Amino acid sequence: MTRRLVLASQSPARLQLMRQAGLNPEVVVSGVDETAVTAPRVGELVALLAAAKAAAVAKDQTDALVIGADSVLEFRGQALGKPSDTADARGRWQRMGGRSGVLHTGQAVFDVRDGGVAQRDVGVSSTVVHFATPTPEELEAYLATGEPLGVAGAFTLDGLGAPFVRRIEGDPSAVLGLSMPLLRTQLAKLGLAITDLWRR
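By the naming in an unreviewed UniProt entry, the protein is Nucleoside triphosphate pyrophosphatase, taken from Modestobacter marinus. Its UniProt record gives the protein the following Cofactor (unreviewed entry) comment, quoted word for word: "a divalent metal cation".

A.B. asks: How should the overall build of the protein be read in this particular structure?
C.D. replies: Scanning the protein from terminus to terminus reveals 6 helices and 7 strands. Along the protein, helices and strands appear, N-terminal first, in the series β-α-β-α-β-β-α-β-β-α-β-α-α. The C-alpha atoms of the protein give a radius of gyration of 17 Å, which matches the 16 Å a tight globule of 200 residues would have. Per-residue burial over the protein gives 47% buried out of 200 residues. Partitioning the intrachain contacts of the protein with sequence separation of at least 6 by distance along the chain shows that 69% fall at a separation of at least 24. On the protein, the mean spot of the 21 positive side-chain charges and the mean spot of the 21 negative ones are 3 Å from each other.

A.B. asks: Help me out: how do you make sense of the UniProt feature "active site" (unreviewed entry) in the protein in this one?
C.D. replies: Residues given the UniProt feature "active site" (unreviewed entry) here are Asp70. On the secondary structure map, Asp70 appears in strand 3 (residues 64-75). Those residues in contact with Asp70 that lie beyond four places of it in its chain are Arg14, Glu34, Val46, Leu49, Ala50, Lys53, His104, Thr105 and Gly106. A distance of 2.7 Å separates the side chain of Asp70 from the side chain of Lys53, its partner in a polar contact.

A.B. asks: Honestly, the packing of helix 3 (residues 86-96) against helix 4 (residues 136-145) in this entry has me stumped. Any pointers?
C.D. replies: Packed helix pairs are specified by the crossing angle of their axes together with the interaxial distance, meaning the distance between the axes. At a minimum axis distance of 10 Å, the contact between helix 3 and helix 4 shows a crossing angle of 145°. The interaxial crossing formed by helix 3 with helix 4 has right-handed handedness. Of the residues in helix 4, those touching helix 3 at Thr86, Ala89, Arg90, Trp93 and Gln94 are Leu139, Glu140, Tyr142 and Leu143. Broken down by class, the residue content of the contact of helix 3 with helix 4 amounts to 5 nonpolar, 2 polar and 2 charged.

A.B. asks: Sorry if this is basic, but what is going on with helix 3 here?
C.D. replies: One turn of an α-helix holds 3.6 residues; hence residues three or four places apart share an orientation. All buried positions along helix 3 are accounted for by Ala89, Gly91, Arg92, Trp93 and Met96. Taken together, the buried residues of helix 3 touch strand 3, strand 4 (78-80), strand 6 (116-131) and helix 4. You can read the cap of helix 3 off the contacts: a side-chain oxygen lies 3.2 Å from the backbone nitrogen of Ala87, and it is on Asp85. A positive backbone phi angle near 80° is found at Gly98, which sits one or two residues after helix 3.

A.B. asks: So what exactly am I meant to see when it comes to the nonpolar core here?
C.D. replies: Looking at soluble globular proteins, one finds that nonpolar side chains tend to be buried together. One finds Leu23, Ile67, Leu183 and Leu187 to be the most contacted residues of the largest nonpolar core, which totals 18 residues. Listing elements by their share of this core, those giving two or more residues are strand 1 (5-7), helix 1 (12-20), strand 3 and helix 6 (180-189). Not counting chain neighbours up to four residues away, the residues in contact with Ile67 comprise Leu5, Val6, Leu7, Ala8, Met18, Ala108, Val109, Leu178 and Leu183. Counting residues in each nonpolar core, the second largest holds 17 residues, with Phe75, Trp93, Phe131 and Tyr142 among its members.

A.B. asks: Can you walk me through helix 6 in this structure?
C.D. replies: Every buried residue of helix 6 is listed here: Met180, Leu182, Leu183, Gln186 and Leu187. One side of helix 6 holds all its buried residues, which, seen down the axis, span an arc of 150°. Opposite its buried face, helix 6 presents the exposed residues Arg184 and Lys189, each directed more than 90 degrees away.

A.B. asks: Honestly, unusual backbone geometry in this entry has me stumped. Any pointers?
C.D. replies: With the exception of glycine, the majority of residues adopt a negative phi angle, and the majority of peptide bonds are in the trans configuration. Positive phi, normally seen in glycine, also occurs at Arg76, with a value near 50°. Structurally, the position occupied by Arg76 is in the loop between strand 3 and strand 4. Residue classification places Arg76 among the exposed residues on the basis of a relative accessible area of 66%. Even without being a glycine, Asp114 presents a positive backbone phi close to 55°. Secondary-structure assignment places Asp114 in the loop between strand 5 (100-113) and strand 6. Accessibility expressed as a relative area gives 77% for Asp114, which makes it exposed.

A.B. asks: Sorry, what's going on with the pattern of salt bridges here?
C.D. replies: Side-chain pairing between opposite charges can occur once the charged atoms of the two side chains come close. Tallied over the full model, the rule gives 12 salt bridges. The residue Lys53 makes a salt bridge to Glu34 at a minimum N-O spacing of 3.1 Å. Here the residue Lys53 occupies a position in helix 2 (residues 42-58), and Glu34 occupies one in the loop between strand 2 (26-27) and helix 2, the gap between them amounting to 19 residues. Classification of Lys53 by relative accessible area gives buried; the value is 8%. The exposure class of Glu34 is partly exposed, given its relative accessible area of 39%. Between Lys59 and Asp60 there is a salt bridge; the shortest N-O distance is 3.5 Å. Like Asp60, Lys59 is exposed. The structure contains a network of salt bridges with shared partners spanning Arg3, Asp63, Asp111 and Arg113.

Reading the values: the criteria
Residues numbered from 1 in each chain as written. Predicted model: local features only at pLDDT ≥ 70, side-chain atom pairs only at ≥ 80, totals over all residues. Heavy atoms only, no water. UniProt positions renumbered as here; feature names shortened; annotations may be inferred. Helix = DSSP H or I, 4+ residues; strand = E, 2+ residues; numbered from the N terminus. Rg over C-alpha atoms; globule rule 2.2 N^0.38 Å. Buried < 20%, exposed > 50% of the residue type's maximum accessible area, 1.4 Å probe, protein only. Contact = heavy atoms within 4.5 Å. Lys, Arg positive; Asp, Glu negative; His and termini not counted. Charge placed at Lys NZ, Arg CZ, Asp CG, Glu CD. Polar contact = N/O pair within 3.5 Å; in protein donor to acceptor, adjacent residues only side chain to side chain. Axes fitted to C-alpha atoms, helices over the stretch in contact; angles between N-to-C directions. Left-handed = near helix turned anticlockwise from the far one by under 90°. Nonpolar A, V, L, I, M, F, W, Y, C, P; charged D, E, K, R; others polar. Core = buried A, V, L, I, M, F, W, Y, C linked by side-chain atoms within 4.5 Å. Arc of directions from axis to C-beta. Salt bridge = Lys/Arg side-chain N within 4 Å of Asp/Glu carboxyl O.

Written as structure tokens, this is what we have:
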């Protein structure tokens, strides 16, 4: 029997990644207050956030695989989630241009059976992102689109921000918000093959 998949995220990029990988999740937004979660290291922070989102959605499920995820850019020791406004995004890009950061994506898979969490796995995928230096005109044009305001680190790899990323070292899907190789490994730990969850 094919298991129900529930994505505990409102991210269109995460949903698209799963669909491209042959998965068809339902979307249930967790409502977790991300500002209330803290950790000494960025990798720990995204793991806690992913688990909190999965747990919040799992409690209302009877039988499902619930997937929670969160991404944060670590730049010069600072955790950068979504920028607060255009000025914040501008300042970030002025600092990031020509430099690199590490995009950490935490993801949690909760196996819910009979109304309770039978098993869970939480992991983190970290990818080095090397940024280009946009001209002032390019940066203002990018900011005017509003795209940087809705994403961790104020950049995307699958949108208008792609030309401003010189290269990455690691998993491109994790930079988009959900590491598909990590998801495959997590499912295997729970005794499931990702191919068994493909849409039929």
